Amino acid sequence: KERIGAGGMGVVYRAEQTLMRKEMAVKVLLPEYGSIEGIKKRFHREAQSSSRLDHPGITHINDFGETQDGLLFIAMEFLDGQLLTDVIRKEAPLSVDRAVRIGLQLCLALDHAHNQGVVHRDLKPDNVILTTRGEHADVVKVLDFGIAKITQGDGSADALTEAGMVFGTPEYLSPEQAAGQEADARADLYALGIILYELLTGTRPFSGPTKLELIGKHLNEPPMSLRKRAPDRNIPADLGDVVLKTLAKQPDERVQSAGELFQMLSGIESVTTGPLPLWPS
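First things first, this report covers the structure right here in the doc. Since the structure is predicted, the reported quantities are computational estimates derived from the model, not experimental observations.

## Some thoughts on the overall build of the protein
Working step 1: The helix and strand inventory of the protein stands at 12 helices and 8 strands.
Working step 2: Intrachain contacts of the protein at a sequence separation of at least 6 include 64% that bridge at least 24 residues.
Working step 3: Of the roughly 13200 Å² of accessible surface on the protein, a fraction of 49% belongs to carbon and sulfur atoms.

Shown next as structure tokens:
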């Protein structure tokens, strides 16, 4: 029906499933991916894995395949909401309670995917949509689970070059990804830590005039504490400590699972998020 978005990997259209008269979003990957050796095989494997994810915080994949002229596509539920990128640009820093409520929902989505053996590898605000469901606002939906692996490979040495070419921004890249090493679920937790840092302070922990300098900071520079970065925000000290623990350079020194991070965030007594939308208590 119409083009609704574009990125480094492809173009997204609003479409209609003609038999069901159901509105969907269709993502068409750029044609050059279909001509790269191994891309189609990885596409089908990863899309199949992601399509098995069934969680209210993850966009549901309805279909995937290849058109007659060789375009790889994914058909998924159509979401009417705001990209977290836009929310950050317009409203950040958010209140502590709201930021943590978004973070907790991201933990639940990641926990489900990781338990199914699916790692996102490109978690960032561009891949998170906040929707409204009835009286519930800020309902989190994560896009593109496992799809980054299609273009980045399985942790090969050229992953960094491909990430720079494909995604155009290393702001949420874990140190191990920046070094071209294999990334597991803890890379997603690092990216989530950067998102939380940005939601709470209004800025990311690392910035630089060039991608190379920014990547160097991911690898070598310790992040400034949240309370020092945003002294007027009254960020609880224990919340700041949890976020910094997700940003440890070595994966073994981070929070080890999304479930553990959920428990740590929800256990901070000074934060009152209320019940999470659309999730059982």
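## Let's talk about the sheet that holds strand S2 (residues 10-17)
Working step 1: If you trace the 5 strands from one edge of the open sheet to the other, you get S1-S2-S3-S5-S4, paired in antiparallel fashion. Of all the strands in the sheet, just strand S1 (2-6) and strand S4 (61-66) have a single pairing partner and so form its edges. Across the sheet, the mean angle from the axis of one strand to that of its neighbour is 25°, orientation sign disregarded.
Working step 2: This element, helix H2 (residues 39-51), spans strand S3 (22-29), S4 and strand S5 (72-77) of the sheet and lies at about 170° to S4.

## Structural notes on the sheet that holds strand S7 (residues 128-133)
Sheet strands pair by backbone hydrogen bonding; their relative direction is either parallel or antiparallel.
Working step 1: With respect to topology, 3 strands assemble into an open sheet ordered S6-S7-S8, the strand pairing being antiparallel. Looking at which strands have only one partner, the edges of the open sheet turn out to be strand S6 (81-83) and strand S8 (136-142). Along the sheet, successive strands turn relative to each other by an average axial angle of 30°, direction set aside.
Working step 2: Pairing between S6 and S7: 3 bridges, direction antiparallel. Looking at S7, one finds that Leu-83 is bridged to Ile-129.

How each quantity is defined
Residues numbered from 1 in each chain as written. Predicted model: local features only at pLDDT ≥ 70, side-chain atom pairs only at ≥ 80, totals over all residues. Heavy atoms only, no water. Helix = DSSP H or I, 4+ residues; strand = E, 2+ residues; numbered from the N terminus. Contact = heavy atoms within 4.5 Å. Areas by Shrake-Rupley, 256 points an atom, 1.4 Å probe, with all protein chains shown as cover. Pairing = 2+ DSSP bridges. Axes fitted to C-alpha atoms, helices over the stretch in contact; angles between N-to-C directions.

Purely spatial values, then, with no claim about function.
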